[in-house]
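# Architecture and fold: a report
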Amino acid sequence: AASAPAEPAEPPSRRLVAMVEPQIPQRLLDDVAQGTEVNVELGLRPDGSVGDVRITPTLPPRLRRVVEDALTQWRYEPAPQASVHRLQLVFNDAR
């Protein structure tokens, strides 16, 4: 009996252990619509630190820098090899 080829195993998700919230000035939030969603890819190093941040669609440059600065301070559980973690951010005005 023939069997279907095995799907490549998805590496287990790494647990977030330290998160820094972006401190976004109101004037920068005014540049994006309420509820704007962006997709983020974090390149995670084996030690759990964030090495690379990709945000799509792009944000205004000053806002992108604030968000990237916070995301690069996040820490995940260490793992034997580098990996990519995907998440979605939603910008809400907290006034």
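What counts and what doesn't
Each chain carries its own residue numbering, running from 1 in the written order of its sequence. A pLDDT threshold of at least 70 governs which residues receive local features in this predicted model, and a stricter bar of 80 or more applies before side-chain atom pairs are shown or counted, although totals over entire chains, interfaces and linings include all residues. Excluding hydrogens and water, the side-chain figures rest on all heavy atoms present in the structure. In plain words, nonpolar cores are sets of buried Ala, Val, Leu, Ile, Met, Phe, Trp, Tyr and Cys residues tied together by side-chain atoms within 4.5 Å. Relative accessibility under 20% of the residue-type maximum defines a buried residue, over 50% an exposed one, and the middle range a partly exposed one, all with a 1.4 Å probe and only protein chains included. Going along the chain from the N terminus, every DSSP run of H or I of four or more residues is numbered as a helix, and every run of E of two or more is numbered as a strand. For this analysis, residues touch if any pair of their heavy atoms sits within 4.5 Å. As used here, the arc is the angular range of directions from the helix axis to the C-beta atoms. As a per-residue measure, pLDDT reflects the predictor's confidence and takes values from 0 up to 100. Think of it this way: DSSP has to see at least two bridges between two strands before they count as a pair.

V40, L42, L59, V67, L71 and F91 are the most contacted members of the largest nonpolar core, which totals 19 residues. Mapped by element, the contributors of at least two residues to this core are α1 (26-29), β2 (36-44), β3 (50-56), α2 (61-71) and β5 (83-91). The biggest single contributor to this core is β2, with four residues. For V40, the residues in contact, after removing those within four places along its chain, are V53, R54, I55, L71, H85, R86, L87 and L89.

Turning our attention to α2. Of all the positions in α2, only L63, V67, A70 and L71 are classed as buried. Taken down its axis, α2 places every buried residue within 100° of arc, on the same side. The inward-facing, buried residues of α2 abut α1, β2, β3 and β5.

Attention shifts here to the confidence of the model for the protein. Regions with low pLDDT should not have their predicted coordinates read in detail. Mean pLDDT over the protein stands at 86; residues scoring 70 or higher make up 84%. At the low end of the mean pLDDT range in the protein sits α1, at 88; at the high end sits strand β4 (residues 75-76), at 96.

Another point: unusual backbone geometry. In the segment running from T56 into P57, the intervening peptide bond is cis, with an omega of -10°. You can see P57 is positioned in the loop between β3 and α2.

Take the pairing of β2 next. As defined by bridge partners, β2 adjoins β5 across nine bridges and the pair is classed as antiparallel. Looking across to β5, one finds that L42 is bridged to H85. Of the strand pairs in this sheet, β2 and β3 are connected by six bridges, and their pairing is antiparallel. Each bridged residue has a counterpart across the sheet, and for L44 the counterpart in β3 is V50.

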